[in-house]
Amino acid sequence: ETVAAGGGSVCWFDGAALRVGPDSAGANPGPACYGGGGPLTVTDANVWLGRVPEGALPIPIDRDAVQMRLDALRREVEAEGGAVESLEHLAEALIRVANAAMARPIRSISIARGHDPREDVLVGFGGAAPQHACAVARELGIRRIINHPEGGLLSAYGIGSAAITRAREVMILQPLEAACPALRTASDELTRALEIEMRESECVAGEVDYSVTASLRYRGREGVLVVSLSDDTSLAEAYESEHRRIHGYVDSGVPIEVVSIRVEATVRPSLKASAVRPTGMDSQRVESGKKVWFGGRYHDTRIIDRSALVPGDTIDGPAILREPFSTTVIDPNWRAEAKEDGLLDLVDQREDSTESDDLDDPGTLEVRTHHFAGIAEQMGAMLQRTARSVNVKERLDYSCALFTSDGDLLVNAPHMPVHLGAMAETVRFAMQTHADVAPGDVLISNDPYGGGSHLPDITVMTPVHDADGVMRFWVASRAHHAEIGGMTPGSMPPNSTCLAEEGVLIACRHLVRGGESCMDEIEDLLRSGPYPSRSPDDNMADLRAQVAANRCGARELERLMDRITPITAEAWARRVIDATAARMSRSLAALADGERDFKDHLDDGTPIRVRVVVRGNTASVDFAGTGDVSPGNLNANRAIVTAAVMYVFRLLLGEDIPINQGVLQPISVHVQDGLLSPVAGPDAATSPAVVGGNVETSQRVVDVLLGALGLAAASQGTMNNVVFGSDDFGYYETICGGSGATSQGPGADAVHTHMTNTRITDAEVLEHRYPVRVERFAIRRGSGGRGIHRGGDGVTRALRFLKPVQLSLLTQRRGSFAPYGAAGGRPGALGRQWLERADGEVEPLGGLSHISLAAGDTLVIETPGGGAWGQV
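What counts, and at which threshold
- Residues numbered from 1 in each chain as written.
- Predicted model: local features only at pLDDT ≥ 70, side-chain atom pairs only at ≥ 80, totals over all residues.
- Heavy atoms only, no water.
- Pairing = 2+ DSSP bridges.
- Helix = DSSP H or I, 4+ residues; strand = E, 2+ residues; numbered from the N terminus.
- Contact = heavy atoms within 4.5 Å.
- Axes fitted to C-alpha atoms, helices over the stretch in contact; angles between N-to-C directions.
- Buried < 20%, exposed > 50% of the residue type's maximum accessible area, 1.4 Å probe, protein only.
- Polar contact = N/O pair within 3.5 Å; in protein donor to acceptor, adjacent residues only side chain to side chain.
- Left-handed = near helix turned anticlockwise from the far one by under 90°.
- Nonpolar A, V, L, I, M, F, W, Y, C, P; charged D, E, K, R; others polar.
- Phe/Tyr/Trp six-rings, centres within 6.5 Å; stacked < 30°, edge-to-face > 60°.

Brief notes about the sheet that holds strand E3 (residues 122-123)
And step 1. The five strands are arranged E3-E4-E15-E14-E11 in an open sheet whose pairing can be described as mixed. Both edges of this open sheet fall to E3 and strand E11 (314-316), since each of them pairs with a single strand only.
And step 2. Sheet topology places E3 next to strand E4 (residues 144-147); two bridges connect them, and they run parallel. Counterpart to Val123 in the pairing with E4 is Ile146.
And step 3. Across the sheet, helix H4 (residues 129-140) is in contact with E3, E4, strand E14 (334-338) and strand E15 (344-348); its angle to E4 comes to roughly 160°.

Some remarks on unusual backbone geometry
And step 1. Pro22 follows Gly21 through a cis peptide bond whose omega is 5°.
And step 2. One can find Pro22 in strand E2 (residues 18-24).
And step 3. Residue Pro29 follows Asn28 across a cis peptide bond; omega there is 15°.
And step 4. Mapped onto the fold, Pro29 is located in the loop between E2 and helix H1 (42-48).

Side note on the environment of Ser517
And step 1. Tracing the backbone shows Ser517 in strand E22 (residues 516-517).
And step 2. When its relative accessible area of 52% is taken as the criterion, Ser517 is described as exposed.
And step 3. Here the alpha-carbon distance between Ser517 and Val442, two residues 75 residues apart in the chain, equals 9.1 Å.
And step 4. Here the side chain of Ser517 touches Met519 through a polar contact of 3.0 Å, landing on its backbone nitrogen.

Comments concerning the sheet that holds strand E8 (residues 256-267)
And step 1. The antiparallel open sheet is built from four strands, whose spatial order is E5-E8-E6-E7. Either end of the sheet is taken by a strand with one partner, and the two such strands are strand E5 (164-175) and strand E7 (225-228). Put simply, the sheet's adjacent strands are angled 25° from each other on average, direction ignored.
And step 2. Summarising the sheet, E5 and E8 pair through 10 bridges and their orientation is antiparallel. Paired with Pro175 across the two strands is Glu257, which belongs to E8.
And step 3. The strands that helix H6 (residues 176-200) touches are E5, strand E6 (208-218) and E8; relative to E5, the one it contacts most, it runs at about 160°.

Some points on the packing of helix H11 (residues 519-526) against helix H12 (residues 536-564)
And step 1. It is the contact of H11 with H12, at a shortest axis distance of 10 Å, that shows an interaxial angle of 145°. Of the two possible hands of crossing, H11 and H12 adopt the one that is right-handed. Contacts between H11 and H12 involve Met519, Ile522, Glu523 and Leu526 on the former and, on the latter, Pro536, Asp537, Asn539, Met540, Leu543, Arg544 and Val547.
And step 2. A per-class count over the contact of H11 with H12 returns seven nonpolar, one polar and three charged.

Section: the packing of aromatic side chains
Each aromatic ring pair is characterised by the separation of its centres together with the angle its planes make.
And step 1. In the structure shown here, the tally under the stated rule is eight aromatic pairs.
And step 2. Consider the rings of Tyr218 and Tyr239, whose centres lie 5.1 Å apart with planes at 85°: the pair is edge-to-face. Here Tyr239 lies in helix H7 (residues 235-247) and Tyr218 lies in strand E6, a separation of 21 residues in the sequence. One exposure class covers both Tyr218 and Tyr239, and it is buried.
And step 3. Considering the side-chain rings of Tyr731 and Tyr770, the 4.9 Å spacing of their centres and the 50° angle between planes classify their relative orientation as tilted. Taken together, the positions of Tyr731 in strand E28 (residues 729-733) and Tyr770 in the loop between helix H16 (763-769) and strand E29 (772-780) put the pair 39 residues apart, joining distant regions of the chain.

Here you go:
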């Protein structure tokens, strides 16, 4: 995962917060201190603070250029009302932003792989890594660092010292008990083949080590775990031990299957580390009294030649080690001990972890934004890792977010836009119906008339309390459950006319109460009613994963409150939202005042109209003129409309910041009762159907908003929902298409656009799990509109079914309203779909279709292209 916060990353001010990256100064012109006219970078900040001593770089350091860039940045901050105490404070704030950016993906990657980084040791590679290692370790809660003398030569030296490995793997895909007798034979055959390959390889010399592993999984799951194939432990025991370590539980009674067996042959090179000739820390190699800035003030700091260290030497920070390939900074309250082979073992000596924050500091604002956003990303990693369904693990049809104690969206991970803008409504509704939530409570809801979207989207919400029991935050996760009951398998009936026909309604209630599970009650509910869930076991497994994801987020927020106090954490949450609101106001102020109208239609002719009025730094969005409540299921509630408005106006910002409630602060949204605000009846049987509104109407709302603001031509305008199943399973996927062109360039081919951000299931996974074969999946060339900038092309997807299934299609842009072009560009092609029956008959299908298929029947879908920009 690339982190845009290295030494060459450009430092800048966005009007609210200090930013670092993603742009880089590169090698030419390089950082300002190189003297080549480059911009202010992280390296320059380190130079100004004294953390890069004289002679550390192979060129003279231009401190005057650094001062000039810092002075200019200071003026920008102060022009927006920010306070900068000194250039040193400003430079240190930039370093803190960079460190937070480095720490954030480390947390997410660790959580995704089942590790708590606080239990690990940090090892830094690259020339600038040792300058930041102590600070990044503290961001992560890591107490120990191992520093290698040649860590700065990661690529040059590391490639030479890497092991040479050859591997062979064979698929098994059999139950464990049936596969066991053949595993040893397969491993022997693979080993013999590798032995021949290694003997014939000219680049391999030395003793070869062989290892044999098997990839196992529970039957019906996608995630595999790799265990060693040894004689002393059964594969079942090894797998369950590893599963319990990573996931925290085992599924007793669920069969285990062998996915593959792999043999690796490894040769360790004879290359040795360069000789270290310690001479001792004599006075000639230690400079005392150097002033270096740490923690808001200058410290007397020793400058030590690394070659002077002998094993057993200890150094208390602050200190700086001067060495040929890097510069190692030992922060205050860290102690380093020299080990054999020139290694340094650094240990954090600090006991008090409480931090104080200045709410007016733009650098700390960006750091806290990284903290909050990183927590949401950790939640997403946990959810994907622990879920069972293909819909979550493969298609990534889920979202995780943090909310204030008032229910305002604070930050989110980069998940589903249609979820993120709407989840705040669900949290607020939960607060109204459960005002007495207590520590240990977890709530659940999929009620579209209680802030939800449609029934397959189940939201799990957890209040986060401080040590005194005061509720300070909410965390929530929303996942699309591919089966929640309803008239048709997959819970996306194209012909539903009321909410009751779309599945099991879960009005807001407890999933966990005071730490005690209410899961049995929820499972009973899923199995009840006229249209119960066809896969309640999968529902419950994913709900447990959502609870685990929420617990991950709550735990991290609790740790943050311990570090900076609960009141300060809440204050920073509000500050992050207010900063986004300020950015949004500036973006609106850059638009010309006036009214902007636009209208488009659903395939049945229902109009969706919007009028956007911009006045100064505010905007009004009014959907008057939109059609009445649909007798079908294309109704979209206010939460979905709000999500679409938030998404589109977020595009105006043009900055990489989390979407939050601040986007809507300068915007008023007006929605009248009708298609975009259906009114609930006394019960589910009398409430308008909504399952298509979330996936289809939301896309059309985005199209009219983009058209009104003139930001882009229309994208495909549909999620191309395909659902099939039987009495015992349901599968759901959305299919990509063409995106609309803009004034800046052409639209993209074959992508999910706007309100959906999912993947499509890999063909190998789809074919293994379900009775279907992917006959064709290709770009639909020429389906994008023609213009100065062409629209993106859609795709062609053909699925052949191996057994009888019920098929449902919920799609738009199949009628007479093609994806519009902009500025004279031509529209994209409409989508179409048909069946090729096993007997050769071809049967056209409408945009909303439900039909029974026999074994051998093939569904062919051509998705719409995007509109073009500009007349050719």
